[in-house]
Amino acid sequence: TTSQGPNRDCPAEAKLLSDANTKAALTSYVQTLQPNGSTLHDSGMYWGISVISPSAPFAHPTKYNGQDVRKFMIFMTDGEMNADEGGYTLYGREDRELRVQTSRNGGAADDEHTKRFDLMCAYAKANGIDISTVIFGLPMTTSMRNCASKPEQAYEVTTSDELTERFRKIAEDIGYLRLTL
């Protein structure tokens, strides 16, 4: 990230999965990530849907070896919905673009982003994406609970050991898993 200009609030570039990735390379990459800026669950859900969508921009096949491809998403956050109204988002500068109502300290902007998140969760589930939600270090919210495909797929964890166990449980529930990008 940079301290000035339109890229000020941009996160580090995402690392796509590939056969060339090693555990050491991924661990090194993860250790370089730093929290910065606001938490917009709707932005994360938007990109999650885009990455596993059968259509552009990241088109993937809907069949593998003649069988339907099932889509799974684990939506994890360690932050509460918090729209920084003076910062840049994928919607532009919210205090200038007028795409959301402006209000300070958790007012209308957070509410609008939560509504967008809820709509995106409904869209993903309606399009066959099975969603598990994990909230780390915070209480489970109604929105995160409702986003999960089933109530038992909404997890609240407070330690790294619990987080590891939740991901293990999710992988077991999915069964045969083939990751691709």
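Residues numbered from 1 in each chain as written. Predicted model: local features only at pLDDT ≥ 70, side-chain atom pairs only at ≥ 80, totals over all residues. Heavy atoms only, no water.

(A) Main features of helix H6 (residues 160-174). Taking 1.5 Å of rise per residue, 15 residues should cover 21 Å, and H6 covers 21 Å from first to last C-alpha, within 8% of that figure. Within H6, the full set of buried residues consists of Leu-163, Ile-170 and Ile-174. End-on view of H6: buried residues confined to an arc of 35°, all on one side of the axis. For H6, the exposed residues set more than 90 degrees away from the buried face come down to Asp-161, Thr-164 and Glu-172. If you follow the buried residues of H6, they end up packed against strand S3 (71-77), strand S6 (129-136) and strand S7 (154-157). Looking one or two residues beyond H6, the residue adopting positive phi is Gly-175, at roughly 85°. (Helix = DSSP H or I, 4+ residues; strand = E, 2+ residues; numbered from the N terminus. Expected span 1.5 Å × (residues − 1). Buried < 20%, exposed > 50% of the residue type's maximum accessible area, 1.4 Å probe, protein only. Arc of directions from axis to C-beta. Contact = heavy atoms within 4.5 Å.)

(B) Here's a closer look at the pattern of salt bridges. This structure, assessed with the given rule, holds 3 salt bridges. Note that Arg-168 is salt-bridged to Glu-165, the shortest N-O span being 2.2 Å. Of this pair, Arg-168 and Glu-165 are both found in helix H6, 3 residues apart, which corresponds to roughly one turn of the helix. Residue Glu-172 pairs with Arg-168 through a salt bridge whose shortest N-O separation is 2.0 Å. One end of the pair, Glu-172, and the other, Arg-168, are both in helix H6, 4 residues apart, so they sit about a helical turn from each other. Among the ionic contacts, a cluster of salt bridges with common partners joins Glu-165, Arg-168 and Glu-172. (Salt bridge = Lys/Arg side-chain N within 4 Å of Asp/Glu carboxyl O.)

(C) Geometry of the pairing of S6. The element S6 is largely enclosed, with a buried count of 6 among its 8 residues. Relative to S6, S3 is paired through 7 bridges, and the arrangement is parallel. Looking at S6, one finds that Met-73 is bridged to Ile-131. Bridge count for S6 against S7 is 4 bridges, and the pairing is parallel. Bridge pairing links Ile-135 to Glu-156 in S7. Between S6 and its parallel partner S7, the chain crosses via helix H5 (residues 142-147), and the hand of that crossover is right-handed. (Pairing = 2+ DSSP bridges. Right-handed = clockwise from strand over helix to strand, strands pointing away.)

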